[in-house]
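# Descriptive analysis of the structure
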Amino acid sequence: MWSRRRGHLRPTVCGVEELRRRRREQEPARREQQLVSKRLLREDAPEEAGEGCVAAILGEAEVQQFLRQAQRGTEEKEREGALVSLRRGLQHPETQQTFIQLEGSMRTLVGLLTSNQALLQLEAARCLHELSHSEQSTIAEACLPATSYLLTYLSGHSSDFIELCLYTLGNLIVESEAVRRQLLPQGIVPALAACIQSPHVAVLEALGYALSQLLQAKEAPEKIIPSILASTLPQHMLQMLQPGPKLNPGVAVEFAWCLHYIICSQVSNPLLIGHGALSTLGLLLLDLAGAVQRTEDAGLELLACPVLRCLSNLLTEAAVETVGGQMQLRDERVVAALFILLQFFFQKQPSLLPEGLWLLNNLTANSPSFCTSLLSLDLIEPLLQLLPVSNVVSVMVLTVLCNVAEKGPAYCQRLWPGPLLPTLLHTLAFSDTEVVGQSLELLHLLFLYQPEAVQVFLQQSGLQALERHQEEAQLQDRVYALRQTALQG
Amino acid sequence: MQLPPALCARLAAGPGVAEPLPVERDPAAGAAPFRFVARPVRFPREHEFFEDGDVQRHLYLQDVLMQVADAPEKPRVPAFACQVAGCCQVFDALDDYEHHYHTLHGNVCSFCKRAFPSGHLLDAHILEWHDSLFQILSERQDMYQCLVEGCTEKFKTSRDRKDHLVRIHLYPVDFRFDKPKKNRSPASAEVPGDSGERSEGEAMEICSEPVAASPAPAGERRTYSHRSVSKLFLKHVLNVCSVLRILGCTLGRCASHTEFRKVTLGKKIGFRFCRRRKSRCFRSCE
């Protein structure tokens, strides 16, 4: 699965920047993010033309003719062919508009969707799938008469058909709140809860996709996530994430993202912790690190990213502490695994370093045990090697080091002597205020718990490094205080 | 980024918790102007921190959707016919046959040969159309189960259920898998009220409708030319039993009741198993 996906990814340099630009411009619109994946799909489609024929835009008369042929044709092949032609035409937004404006067209299509001719049914579903790709919410809303049938078919047995229905539903969900408002009372949550027990990997992946789109809706925290949490879906999702021979990476990716959308909405995370989310995700993290070491790394970051996010957010829940008064996630191997992943990100996907460091912060903030692990496993130096990557990464690395240092003298002694002080002198030369500010905090802790550091600091022109920032409003007070400490010490 | 060599060994070794070094905080650590406090950080939905990872996710999805949108290249085989008795469909691709089989022969009612998209709908159909005991019970209590999975509401009549489906679940008024049964028994009070009523052979048919919707019921089309004699006989037996019961006939009552129950409801497990397979299989359950 991993290598197949990799092979299909197209060069993405401009695509990535375009995506970022769009996301920033439309910040309040969660919808925009989801549109992004569908919009780019359509823009690139004319270049693909892999089928050997470029679909033409269909006019009203042609749409009507194809529909009539599909409905009333005498030969089954002829009827199927008419729907295939219609489907190709529906790749064009203009044809989609023409279709929905034609009276009775959706009714006919729904009729074909529910016909007893299985192949016509399949082609009709493909036409609907084409319509679901539209960016216009009016087109999605025109598909409303079909949704009860799409949901009904989820409890059938034809896995290809179910997969198609799920992707269609997922696309329609993204596009229109009216569609979601209809799907919820129509029972989409119980339908998905039943469908998730399918043994077919392709169905599960499609279900994960549809569910992830549902969970990203802006009204999800109030209107959707509570009923999902009340269903058996969370338990099944966690089952799909358990490492072992049955773990399918493509399926796991989808459900990890679903979990992330649920968790970051903060509706009822203790419930998920009660279902064992922390230990499942912790074990999965170990598994991912193992995969990296075996260099089975194609597409691993796709799964690592949501797992890191889920773990990080779950660790902020008070419920984490309640089981025996200890943190549920205590295994030192988690830290080892995280660093293996950090190294992987450093080499392959530096933009994900902040996400890994976020987890490291949440692991170490309130845990003397994990801070001790960082020291005993010699992970301070590798951590320092990440400083040059970016300002965001620098601030996070320094924050983690502060987490260790603030635990007291026993911890600071292990940070001294070593590369820490020279590194701090280096980061004090940065221009970024946040990086410098965090460096000052760390320096303060080091001076407090390891007074010998002061002399060395002075000898290595530390005062000059400090004074560079004495005019900076956000840093002044701390610069002054440190200067006093150094001069008195 | 260089990792210590022992790290991989640590990952491979068993679980363990590091014995923490003693914690000893000085109050001066948090004294102004210093403000560092060690705390776990939470990022809510839509936080800009997630931007880069979200972009990667969308690129991945884009790739997945592209693969789904392309209709699959079907590997062709020499033409073959469906093996189910009475079905004349011919195929030249295994995927097509698989879909055909699941759609038309997967959840088939052994009594009337209607095909249903799911076991759930088939169950409801059999109860409501072919179980005379159901009809009797429904006169005394709400028996018509809502068709939406997860909804436990029950209703007195199929009309009431349809109203519920439309009002509460926003189902279409002409939902094709909820046809009210045509009256056979003179004693039943239920009036099928669906304006889109069709004759029996058409639970999943719509093909003869014109493009501009018309309410006129389409002519009946049979997809199965074969009717097993034993099934017709069974149907008649059941109808006779139900009429006898209604008329309070005691003569055949116990025997016909027992026979009736055994055939329709008694052996639930065997019954369910069989009706999903070829129609002939039903006989072996008796």
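Residues numbered from 1 in each chain as written. Chains lettered and ligands numbered in written order. Predicted model: local features only at pLDDT ≥ 70, side-chain atom pairs only at ≥ 80, totals over all residues. Heavy atoms only, no water.

### Notes on the overall build of chain B
Each helix and strand in chain B was counted, giving nine helices and four strands. Every one of the 286 residues in chain B was classed for burial, and the buried ones make up 46%. Within chain B, contacts between residues separated by at least 24 positions form 34% of all contacts whose residues are at least 6 apart in sequence. By element, 58% of the accessible surface of chain B is carried by carbon and sulfur atoms, the whole surface being about 14800 Å². (Helix = DSSP H or I, 4+ residues; strand = E, 2+ residues; numbered from the N terminus. Buried < 20%, exposed > 50% of the residue type's maximum accessible area, 1.4 Å probe, protein only. Contact = heavy atoms within 4.5 Å. Areas by Shrake-Rupley, 256 points an atom, 1.4 Å probe, with all protein chains shown as cover.)

### Focus on the overall build of chain A
Per the secondary structure count, chain A includes 31 helices and zero strands. Split into buried and exposed, the 489 residues of chain A put 64% on the buried side. Long-range pairs, those at least 24 residues apart, make up 73% of the contacts in chain A with a sequence separation of at least 6. Counting every atom, chain A has about 17200 Å² of accessible surface; 51% of that belongs to carbon and sulfur.

### Remarks on empty space enclosed by the protein
Applying the stated criterion to the full structure yields eleven cavities of 30 Å³ or more. By volume, the largest cavity is sized at about 150 Å³. Taken together, 15 residues line the largest cavity, and the ones lying closest to its centre are Leu151(A), Thr152(A), Leu147(B), Glu149(B) and Tyr171(B). Within the residue set of the lining of the largest cavity, elements represented by two or more residues are helix H10 (147–153) of chain A together with helix H4 (119–130) of chain B. In the lining of the largest cavity, the residues fall into eight nonpolar, six polar and one charged. It is H4(B) that contributes the most residues to the lining of the second largest cavity, five residues altogether. When its residues are assigned to classes, the lining of the second largest cavity shows seven nonpolar, one polar and six charged. (1 Å grid on protein atoms, 1.4 Å probe; cavity = no way out; pocket = protein on both sides within 12 Å on 5 of 7 lines; lining within 4 Å. Points joined across faces, edges and corners; volume = space filled by probe spheres on them. Nonpolar A, V, L, I, M, F, W, Y, C, P; charged D, E, K, R; others polar.)

### Some points on the pairing of strand S1 (residues 76–81) of chain B
Residues and elements named next belong to chain B. Burial analysis of S1 places just zero of its six residues in the buried class, which makes it a mostly uncovered element. As judged from the three bridges shared by S1 and strand S2 (residues 90–93), these two strands associate in the antiparallel manner. Note that in S2 the partner of Arg76 across the bridge is Ala93. (Pairing = 2+ DSSP bridges.)

### As for the interface of chain B and chain A
Contacts between chain B and chain A engage 100 residues on the former and 157 residues on the latter. Regarding the contact of chain B and chain A, the summed buried area is about 11300 Å², with carbon and sulfur atoms giving 58% of it. Counting across the chain B and chain A interface gives six salt bridges. On the surface where chain B and chain A come into contact, there are 41 residue pairs in polar contact (both at pLDDT 80 or more). (Buried area = accessible area lost by both parts, 1.4 Å probe. Salt bridge = Lys/Arg side-chain N within 4 Å of Asp/Glu carboxyl O. Polar contact = N/O pair within 3.5 Å; in protein donor to acceptor, adjacent residues only side chain to side chain.)

### Observations regarding the side chain of Arg87(A)
You can see Arg87(A) is positioned in helix H5 (residues 76–89). Side-chain polar atoms of Arg87(A) contact the side chain of Glu123(A), separated by 3.2 Å.

### Considerations on the pattern of salt bridges
All names here are of chain A. A complete count under the given rule lists 20 salt bridges over all chains for this structure. The partner of Glu80 in a salt bridge is Lys77, and the shortest N-O contact between them spans 4.0 Å. Of this pair, Glu80 and Lys77 are both found in helix H5, three residues apart, which corresponds to roughly one turn of the helix. According to the relative accessible area criterion, Glu80 is buried, its value standing at 10%. Accessibility expressed as a relative area gives 54% for Lys77, which makes it exposed.

### Some points on the UniProt feature "domain: C2H2-type" (unreviewed entry) in chain B
All names here are of chain B. With numbering aligned to this structure, UniProt lists the feature "domain: C2H2-type" (unreviewed entry) at residues 82–105, 109–130 and 146–169. A distance of 10 Å separates the end C-alpha atoms of residues 82–105, which is 50% helix and 17% strand. The span residues 146–169 shows a helical share of 42% and a strand share of 8%, and its end C-alpha atoms are spaced 10 Å apart. (UniProt positions renumbered as here; feature names shortened; annotations may be inferred.)

### Some thoughts on helix H19 (residues 277–293) of chain A
Look at H19(A): 24 Å from first C-alpha to last across 17 residues, which is about the 24 Å you get at 1.5 Å a residue. Burial analysis of H19(A) places 13 of its 17 residues in the buried class, the great majority of the element. (Expected span 1.5 Å × (residues − 1).)

### As for the confidence of the model for chain A
On average, residues of chain A score 87 in pLDDT, and 86% of them reach the 70 mark or higher. The model gives residues 1–14 of chain A a pLDDT under 50, and that stretch makes 29 contacts with residues more than four places away or in other chains. (pLDDT = per-residue confidence, 0-100.)

### Description of the confidence of the model for chain B
Residues and elements named next belong to chain B. Of the residues in chain B, 60% have a pLDDT of 70 or more, and the chain-wide mean is 69. A low-confidence stretch, residues 184–286 stays under pLDDT 50, and its non-local contacts, those more than four residues away or across chains, total 163 contacts. As scored by the predictor, the complex reaches a pTM of 0.80 and an ipTM of 0.84.

### Remarks on the packing of helix H27 (residues 420–427) of chain A against helix H28 (residues 433–449) of chain A
Residues and elements named next belong to chain A. One can describe the packing of H27 onto H28 by two numbers: an axis separation of 9 Å at closest approach and a directional angle of 145°. Relative to H28, the crossing made by H27 is left-handed. Residues Leu420, Leu421, Leu424 and Thr427 of H27 form the contact with H28, whose own contacting residues are Val435, Val436, Ser439, Leu442, Leu443 and Leu446. Among the residues making up the contact of H27 with H28, the classes are represented as eight nonpolar, two polar and no charged. (Axes fitted to C-alpha atoms, helices over the stretch in contact; angles between N-to-C directions. Left-handed = near helix turned anticlockwise from the far one by under 90°.)

### Focus on the packing of H28(A) against helix H31 (residues 476–488) of chain A
All names here are of chain A. The N-to-C vectors of H28 and H31 enclose an angle of 30°; their axes lie 10 Å apart at closest approach. Taken together, the axis directions place H28 and H31 in an arrangement best described as roughly parallel. Two packed elements cross with a definite hand, and for H28 against H31 that hand is left-handed. Taking contact as the criterion, the partners of Gly437, Leu440, Glu441, Leu443, His444 and Phe447 in H28 are, on H31, Arg478, Val479, Leu482 and Thr485. (Parallel < 35°, antiparallel > 145°, perpendicular 65-115°, else oblique.)

### Remarks on the nonpolar core
Among the nonpolar cores identified, the biggest contains 213 residues, and Leu86(A), Leu154(A), Leu166(A), Phe255(A) and Phe339(A) are the most heavily contacted of them. Those residues in contact with Phe339(A) that sit more than four places away from it in its chain are Leu360(A), Leu374(A), Leu379(A), Pro382(A), Leu383(A), Met1(B), Leu3(B) and Leu7(B). Judged by nonpolar contacts, the second largest core, of six residues, contains Leu119(A), Cys87(B), Phe91(B) and Tyr97(B). (Core = buried A, V, L, I, M, F, W, Y, C linked by side-chain atoms within 4.5 Å.)

### Quick word on the packing of aromatic side chains
Residues and elements named next belong to chain B. Taken as a whole, this structure holds 21 aromatic pairs over all chains when the rule is applied. Ring centres 4.2 Å apart and planes at 15° place the aromatic pair Phe43 and Phe49 in the stacked group. The exposure classification of Phe43 matches that of Phe49, with both residues buried. (Phe/Tyr/Trp six-rings, centres within 6.5 Å; stacked < 30°, edge-to-face > 60°.)

### A look at the environment of His426(A)
Residues and elements named next belong to chain A. Note that His426 resides in helix H27. A relative accessible area of 51% means that His426 is categorised as exposed. Along the chain, His426 and Ser439 lie 13 residues apart, while their C-alpha atoms are 9.6 Å from each other.

### Regarding unusual backbone geometry
The linkage connecting Trp416(A) with the following residue, Pro417(A), adopts the cis geometry, with an omega of -15°. With respect to the element layout, Pro417(A) can be found in the loop between helix H26 (409–414) and H27. Backbone torsion omega between Ala32(B) and Pro33(B) reads 5°, so that peptide bond is classified as cis. Note that Pro33(B) resides in the loop between helix H1 (6–12) and helix H2 (51–69). Notably, Ser461(A) is not glycine yet its phi reads approximately 60°, a positive angle. On the secondary structure map, Ser461(A) appears in the loop between helix H29 (452–459) and helix H30 (462–467). In this structure, Glu46(B) is a non-glycine residue whose phi angle is positive, near 70°. Within the fold, Glu46(B) resides in the loop between H1 and H2.

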